[in-house]
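# Report on the structure
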Amino acid sequence: MFFIKEGVLIKYIGKDEKVFIPNNVTKILEKAFENSNIEELHIPVSVKFIDYYAFDNCKRLKNIYYDGSVEQFNKIIIGEFNDKFFMADASYFKPEAIK
């Protein structure tokens, strides 16, 4: 379950190992995924900002799938202290590349 207000993901509460962030989310706040069991995270291109400590203590996070290009991903502002997020394997999907 997500707590989202006006495009801001405030908190994720759940035990899912695979999580798909909704397409309307533009920001992920501090400690939004703190202590979650996620292993696989899917991020839409709508996300432009990830706050510091957003993935605090996410010990199982291994894979991140981004719905855009590497260039788009690199434009996301990502705060400090998201070590597991930075250490996860990232994959990119650019829909216009598939025809």
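Residues numbered from 1 in each chain as written. Predicted model: local features only at pLDDT ≥ 70, side-chain atom pairs only at ≥ 80, totals over all residues. Heavy atoms only, no water.

It is worth spelling out the sheet that holds strand β5 (residues 40-43) at this point. Backbone hydrogen bonds hold the strands of a sheet together, and the pairing may be parallel or antiparallel. A sheet is described by the order of its strands in space; here 4 strands give the open sequence β3-β5-β7-β9, paired in parallel fashion. Sheet topology places β3 (18-20) and β9 (89-92) at the edges, where each strand pairs with a single neighbour. Here the strands of the sheet are splayed against their neighbours by 15° on average, with no regard to which way each runs. Pairing geometry for β5 and strand β7 (residues 63-66), over 4 bridges, is parallel. Counted as the bridge partner of H42 is Y65 from β7. (Pairing = 2+ DSSP bridges. Helix = DSSP H or I, 4+ residues; strand = E, 2+ residues; numbered from the N terminus. Axes fitted to C-alpha atoms, helices over the stretch in contact; angles between N-to-C directions.)

Using the criterion set out here, one finds 10 aromatic pairs in the structure. Between F2 and Y12, the aromatic rings sit 5.3 Å apart at their centres with planes inclined by 50°, giving tilted as the arrangement. Of this pair, F2 sits in strand β1 (residues 2-5) while Y12 is found in strand β2 (residues 8-12), placing the two residues 10 residues apart along the sequence. On the basis of relative accessibility, which here comes to 26%, the residue F2 falls in the partly exposed class. What links up through ring pairs into an aromatic cluster is the set F2, Y12, F33, F55, Y66, F73, F85, F86 and Y92. The ring of Y53 carries K31 above its face, with NZ or CZ at 5.5 Å from the centroid. (Phe/Tyr/Trp six-rings, centres within 6.5 Å; stacked < 30°, edge-to-face > 60°. Buried < 20%, exposed > 50% of the residue type's maximum accessible area, 1.4 Å probe, protein only. Lys NZ or Arg CZ within 6 Å of the ring centre and 35° of its normal.)

A separate point is the pairing of β2. As paired elements, β1 and β2 share 4 bridges and run antiparallel to each other. Its bridge partner being in β2, K5 is matched across the sheet by V8. Linking β1 back to β2 in an antiparallel pair, the connection comprises 2 residues, with E6 at a positive phi of about 50°. Pairing of β2 with strand β4 (residues 27-28) involves 2 bridges; the strand directions are parallel. By the bridge assignment, V8 is partnered in β4 with K27.

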